[in-house]
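# Close look at the chain arrangement
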Amino acid sequence: MDEPSMTSAPTAAPGPPTPPVPLSELLATKDLGLRRIAGPAETELLWVHTSEMADPYPYLLGGELLLSAGVLLTDADHYVGRLVEAGAAALGFGVRPVHETVPGALIEACDRQGLPLLEVPPETPFTAIARTVWRLMAEARHRELRRVTRAQQALATAAARPDPVPAVLHQLAAQLGGRAVLLTARGEEIHAAGRRLAPEPAGALTRLARVVARERPGSPASATDTHGDTHVSAYALGGGEGLVLALATRQRESGDHTVAGIAVVLLSLLAAPHQGADAAGRSAALVRMLLGAGPAEAAPLLGGAGPWTVIHARRTDGTPADALTAGALGASLGTALVDASRGGGEAVRLLLPGAEAEGEAGEDETAKTAKTAEGKTAKGEAVEAEAVEARPGSEPARPGAEPARPGSEPARPGSGPARPGAEPARPGSEPARRGSEPARSGSNPARRGSEPARPPKPVSITPQPGWTLGASAPTPVTALDAADALAARALAHARATRVPLTVNAPVSGLAALVPPEEAAAHARALLAPLTAPLADTLRCWLSLHGSWDRTAVALGVHRNTVRQRIGRCGELLDADLDDMDVRAELWFALRQG
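A short tour of the structure in this document, coming up. (Residues numbered from 1 in each chain as written. Predicted model: local features only at pLDDT ≥ 70, side-chain atom pairs only at ≥ 80, totals over all residues. Heavy atoms only, no water.)

## Focus: the overall build of the protein chain
The helix and strand tally for the protein chain stands at 17 helices and 17 strands. Expressed as a percentage of the 593 residues in the protein chain, the buried residues total 39%. If you take every contact in the protein chain between residues at least 6 apart in sequence, the share linking residues at least 24 apart comes to 62%. With the model as given, the accessible surface of the protein chain reaches about 32300 Å², and the carbon-plus-sulfur share is 53%. (Helix = DSSP H or I, 4+ residues; strand = E, 2+ residues; numbered from the N terminus. Buried < 20%, exposed > 50% of the residue type's maximum accessible area, 1.4 Å probe, protein only. Contact = heavy atoms within 4.5 Å. Areas by Shrake-Rupley, 256 points an atom, 1.4 Å probe, with all protein chains shown as cover.)

Written out as structure tokens, the structure is:
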């Protein structure tokens, strides 16, 4: 049978906004002196109602504790049958003044039809019983609210963990004392927590999940069923992914549905696809690349032309990351471009849009800046060789400047040739020297391109709890393969040094002064004797300051293997790797690749 058998019941009025009161709690109230004399001991009370009618059926909603003195009681069997048919929870019979004791026929009828029968002593007014039930309901409501609040806080804390989906399921199973399973629409288990079920209840849970899976119109949002002594329920998650939260518990307690509803909301948000770029744009980019387009053409469809930052990530505890956990990491870092499907214990890879180069400006803005730049001079200070046309108030111009415009003030005797629109030089001021002098520190460049472009500003990457991250420097889309290798090295360095995040810094300082082509040619010649594994080992060893143990951790090999490889590098390069100059030159070369 593919579909579970759902129990049907007659439509009843909704219950009160309070939890039901177990009959045992009412009987435990010593002041009332109530005594159960027939029927089952376990039932739940929703209301209290008093009636002396011969047939109170039309006035009952179900779940009541009906209180009566038996004024019009004639046929006990018919009377009890009508109460059971109306759904009454229990009957409280008051002795005196009508009946000295509870009629034996009434006791037999209640035993036979399964209706709990309570004996109410003469000194206990019916109003006291009703007041006690309302008090017990208020206390139960308070307990339920506290339980739901604690569960909500626990689930919210679990949702903030590095593995939010398994953590929420584990916390939900603990709160309900059962099993919580996240299933696909086909009944395939994605995550599970709590005690394992026997094959039959597990099958019932899977069948119930298919009922609410939103693969067909009109599917319910939730469904419940009972299989033996196991209560099963299923809830459809939002987001259009067809995921289902399935629960199995031994008993259904007050507040369970509310707690499950909180978990449904959290799991719907966590399991939904986190899309930073439009899904259609990403699909178009994928199709174009599959059809032969280059990365540069497809990159704008991913939400930006770059630069991009590649991140490699591993769980700190060494456990593999599934797609949902990796997606949550991507959401925390602000990207939907996540690759967690390589398997085999491989790192999760993420792609983040980088920041623009700091200080980068368009051609028009740069030209405007150059045209409005002012050169400041003091007495005896030479003028910059590459100075541009200045505003009024600037220093005297060099020989060879353009003649003054009509209407400009003529230069005073002894001054150098004036720039167009420039103020005349003060008497006795030193004329501008011929030729150019090096620009002083802090002076503005005269023309676009007179200073090297600044490296791209790194994107804001923060450590994530439970994760170890390695990030590349921002790089153009045409060099993502190299950035991927740099991110892998940064992750290995972070794991070896036991830090949560390592970012591979771009080439800067003295190394940036060497033209890239010449630096690459020198690196190829110097490192030519080394194989790729040896070069990687040497690079890692140098980055970790020659630590054998940390290099072994980063590369995932034995420390003796590291020693052998470094020794082999020294032999092939014919160099003393303990020499700081040798290490510096090798590090410069290894940074080029």
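Having seen the structure, we can now continue with the description.
## Looking at the sheet that holds strand β4 (residues 47–50)
Strand order in this open sheet of five strands is β2-β7-β6-β5-β4, and the pairing throughout is mixed. Only two strands of the sheet have a single partner each, and these edge strands are β2 (35–38) and β4. With strand direction ignored, the average angle separating the axes of adjacent strands in the sheet is 30°. Bridge count for strand β5 (residues 64–68) against strand β6 (residues 90–94) is four bridges, and the pairing is parallel. Bridged to Leu67 within β6 is Gly92. Lying over the sheet, helix α3 (residues 104–113) contacts β2, β6 and β7 (117–120), oriented at roughly 80° with respect to β2. (Pairing = 2+ DSSP bridges. Axes fitted to C-alpha atoms, helices over the stretch in contact; angles between N-to-C directions.)

## Some remarks on helix α6 (residues 199–212)
Every α-helix winds through 3.6 residues per turn, so residues three or four apart in the chain are directed the same way. The terminal C-alpha atoms of α6, which comprises 14 residues, lie 21 Å apart, in line with the 20 Å expected from a rise of 1.5 Å per residue. Of the residues making up α6, those classed as buried are Pro201, Ala204, Leu205, Leu208, Ala209, Val211 and Val212. Along the axis of α6, the buried positions cluster into a sector of 150°, meaning they face one direction only. Facing away from the buried side of α6 by over 90 degrees, the exposed positions are Pro199 and Glu200. Close packing links the buried residues of α6 with β8 (179–183), β10 (222–227), β11 (230–236) and β12 (244–249). (Expected span 1.5 Å × (residues − 1). Arc of directions from axis to C-beta.)

## Quick word on the packing of helix α2 (residues 76–86) against α3
At a minimum axis distance of 8 Å, the contact between α2 and α3 shows a crossing angle of 40°. Put simply, α2 runs oblique to α3. Note that α2 runs across α3; the crossing there is right-handed. Contacts between α2 and α3 involve Ala76, Asp77, Tyr79, Val80, Gly81 and Val84 from the first element and Ala105, Leu106, Ala109, Cys110, Arg112 and Gln113 from the second. Across the contact of α2 with α3, the residue classes break down as eight nonpolar, two polar and two charged. (Parallel < 35°, antiparallel > 145°, perpendicular 65-115°, else oblique. Left-handed = near helix turned anticlockwise from the far one by under 90°. Nonpolar A, V, L, I, M, F, W, Y, C, P; charged D, E, K, R; others polar.)

## Points about the packing of aromatic side chains
Scanning the model with the defined rule gives one aromatic pair in all. A centroid spacing of 5.4 Å and a plane angle of 35° characterise the contact between Trp541 and Trp548, whose relative ring orientation is tilted. Looking at Trp541, the relative accessible area reads 3%, which means it is buried. Lying across the ring of Tyr57, Arg82 places its NZ or CZ 4.1 Å from the centre. Stacked on the ring of Trp467, the Lys or Arg Arg315 has its end atom at 5.7 Å from the ring centre. (Phe/Tyr/Trp six-rings, centres within 6.5 Å; stacked < 30°, edge-to-face > 60°. Lys NZ or Arg CZ within 6 Å of the ring centre and 35° of its normal.)

## Points about the sheet that holds strand β13 (residues 308–315)
Pairing in this open sheet of five strands is mixed, and the strands run β14-β15-β13-β16-β17 from one edge to the other. What marks the edges here is a single partner per strand, and that holds for β14 (338–339) and β17 (501–503). Strand contacts of helix α10 (residues 323–333): β13, β14, β15 (348–353) and β16 (467–471), with the helix running at about 25° to β15, the strand carrying the most contacts. Packed on one face of the sheet, helix α12 (residues 480–497) meets β13, β15, β16 and β17 and runs near 35° to β13.

## A closer look at the nonpolar core
As a rule of thumb, nonpolar side chains are buried together in soluble globular proteins. Counting residues in each nonpolar core, the largest one holds 29 residues, and the members touching the most others are Leu155, Leu169, Leu172, Leu245 and Leu247. Ranked by residues supplied to this core, first place goes to helix α7 (residues 256–271) with nine residues. With near-sequence residues (within four places) excluded, Leu245 lies in contact with Leu169, Leu172, Val181, Ser233, Ala234, Tyr235, Leu237, Ala260, Ala263, Val264 and Leu267. (Core = buried A, V, L, I, M, F, W, Y, C linked by side-chain atoms within 4.5 Å.)

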